[in-house]
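# Residue-level structural notes
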Amino acid sequence: MSDVPNQALRKTEISAQATLGAMDVAPRGNEPSVLSVEQLNVYIKQLLEGQVGMVWVKGEISNFKAHTSGHFYFSLKDAKSQITAVMFRGHNARLKFKPTDGMEVIVRGRISVYEPRGNYQLMCEMMEPVGAGALQKAFEQLKTKLKAEGLFESARKKPIPTFPRHIAIVTSPTGAAIRDILNVLSRRARSIQVTVVPTIVQGEAAAPQIREAFKKAVALPGVDVVIIGRGGGSIEDMWCFNDEALARLIAASPLPVISAVGHEIDFTIADFVADLRAPTPSAAAELVAKSAGELGTKVKSLERMLHLSFEKKMKFLTEKIRGLSKRLVDPQRRLQDLELRNDDLLNRLEFAMNRRLSEHHHRVELLTEKLGNPEDLIEEKKKDLEYLRAHMEKALAFSIEKKNARMARLMSVLDSLSPLKVVERGYSIVTKKNEVIKSASQVKKGDVIDVRLAQGSLTAVVDSVKEE
């Protein structure tokens, strides 16, 4: 077992202690927050389940108890420590052995906390004895990897030919598996050509030899399908069929491959990547070799099904014709019915049109009464126009008279303010180049000036200038 899970547990423990410590001293005002026991247990449960995740644990079983509910309760211990564990019925039902006290196992599970008592325990999902457990773990890891790559997808698997003429078998030439396969083939289909590609199927050197034998089988001319397998045995005996390189060869094979490894309860990686898994070598032979008796029985069954289907179809069509015949009526009678229908619709149309015309006529009469005589309306509007015209002329004359009176007042005021009034009283207006002279400094000797009198005007030349 690698120490990576242990390192992860130690890091999680440090993180949990730091987080929990921070929560205990988190200020609430000037005081640290206080947790109830339940809150603390819930927090620890969430922390452990959320951060530790799935773990692999190796240890010795002690205090084992199979509860009447079907659940397993026990402890896992080593030389220095122990942990409470539980394996529920849904998971332990898949075990191939019965756990006992003193048995050393490897388990996979999640850490959880039982809140009422504040105990943490390991919730086991898988268990294997030490030795077989290590192989099982490697098997699961490779299975997960190849599945993620899509090597197990049914869409990529090739169909097995219904009537193969040449079969290549990769297995041990001295094992029980080849004898079973040949017996079945000789009994069911003697015409099939069989080529055995020998290889060892057990031991450390088996995987490379199986790969080479498989390559030779695929390269044989005229082969329709390849069977690869062996008889039953322990997981160690069949481990060569869990080889990753062999699995990739099978998946990439241009020919359909049938995996026939072990018994029905045995599974290998080769079973998952092959185009078809046979529960036993004999079953693989039966799958590719259809017996003459079976084919004859199937043909008769299909013939019987075809005859029954034909009779059922004919009966259905006969009943359908009878039903249509009953629904078919005399064409002359059908025409008479249509004529009656046409007359009825015509009468309804005439009635609807007369009613609509009557409604429109009545509405026109009402509108005519409401509108009245146009000549009277015109005379009335003429009188209104004459009245408005007289009113307008009167208002206009009054407005003009009022404006004239106001203009006369303004002209009187303007006239009283005119400088000509001052001139009429004996004064004069002196200008130089249209500029009124108010001071002697504005002229000099020799300047030409204009003088406006009450009656007439004159032009003079300045002879002298005196300034006061």
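Let me begin by describing the structure that accompanies this report. For every chain, the first residue of the written sequence is number 1, and numbering continues from 1 onward in sequence order. With pLDDT at 70 or above as the cut-off, local features in this predicted model cover only qualifying residues; side-chain atom pairs require 80 or more to be listed or tallied, and sums for whole chains, interfaces and linings still use all residues. Excluded from the side-chain calculations are hydrogens and water; all other atoms, namely the structure's heavy atoms, are used.

### Looking at the packing of aromatic side chains
Any two of the Phe, Tyr and Trp rings considered here, Trp counted by its six-membered ring, make a pair once their centres fall within 6.5 Å; the pair's planes then place it as stacked at under 30 degrees, edge-to-face at over 60, or tilted in between. Here the structure, examined in full by the defined rule, presents five aromatic pairs. Seen in terms of ring centroids, F64 and F74 are 6.2 Å apart; in terms of plane orientation they differ by 35 degrees. Their pairing is tilted. With F64 in strand 3 (residues 54-66) and F74 in strand 4 (residues 72-77), the pair connects residues that are 10 residues apart, well separated along the chain. You'll find F64 and F74 in the same group, each marked buried. Their ring planes at 50 degrees and their centres at 6.4 Å tell us that F139 and F272 sit as a pair that is tilted. Taken together, the residues F139 in helix 4 (residues 132-148) and F272 in helix 8 (residues 269-273) connect sequence positions 133 residues apart. Comparing F139 with F272, the two get one shared label, buried. Helix numbers and strand numbers start at the N terminus; a helix is a DSSP run of H or I with at least 4 residues, a strand a run of E with at least 2. Burial classification: accessible surface area is computed with a 1.4 Å probe over protein chains only, and a residue below 20% of its type maximum counts as buried, one above 50% as exposed, and the rest as partly exposed.

### Comments concerning the sheet that holds strand 14 (residues 435-436)
Spatially, four strands are ordered 14-13-15-16 in an open sheet, and the strand pairing comes out antiparallel. The open sheet has two free edges, formed respectively by strand 14 and strand 16 (457-461), since each of these has just one partner strand. The sheet contact formed by strand 13 (residues 429-432) and strand 14 spans two bridges and is antiparallel. Bridge assignment links T431 to a residue of strand 14, and that residue is V436. What makes two strands pair is DSSP finding at least two bridges between them.

### A closer look at the pairing of strand 3
Sheet faces and side chains relate simply in a regular strand, where the side chains alternate between the two faces. In terms of strand pairing, strand 3 meets strand 6 (residues 104-114) through seven bridges, oriented antiparallel. Residue pairing in the sheet places V57 in a bridge with V107 of strand 6. The pairing of strand 3 with strand 4 spans five bridges and is antiparallel. Its bridge partner being in strand 4, K65 is matched across the sheet by Y73.

### Regarding a nonpolar patch on the surface
Side chains of F310, M314, F316 and L317 sit close together on the surface and give an oily, nonpolar patch of about 400 Å² of accessible area. When you line up the elements, M314 lands in helix 10 (residues 292-327). For M314, a relative accessible area of 41% translates into the label partly exposed. Like-charged residues within 9 Å of one another, or nonpolar side chains (Val, Leu, Ile, Met, Phe, Trp, Tyr) within 5 Å, are grouped into patches, provided each residue has over 30% relative accessible area and no salt bridge. The Shrake-Rupley method, run with a 1.4 Å probe, gives the accessible areas here. Residue values count only the displayed protein chains as cover. Basic side-chain nitrogens of Lys or Arg form a salt bridge, by our definition, when they fall within 4 Å of a carboxyl oxygen of Asp or Glu.

### Let's talk about the sheet that holds strand 3
Strand order around the closed barrel formed by five strands is 3-4-5-7-6, with mixed pairing between neighbours. On average, adjacent strands in this sheet sit at an angle of 55 degrees to one another, irrespective of strand direction. It only takes one pair of heavy atoms within 4.5 Å for two residues to be counted as in contact. To get an axis, fit a line to the C-alpha atoms, keeping to the stretch in contact for a helix; angles then go from 0 to 180 degrees between the N-to-C directions. Along the sheet face, helix 2 (residues 37-51) touches strand 6 and strand 7 (119-129) and points at about 140 degrees away from the line of strand 6.

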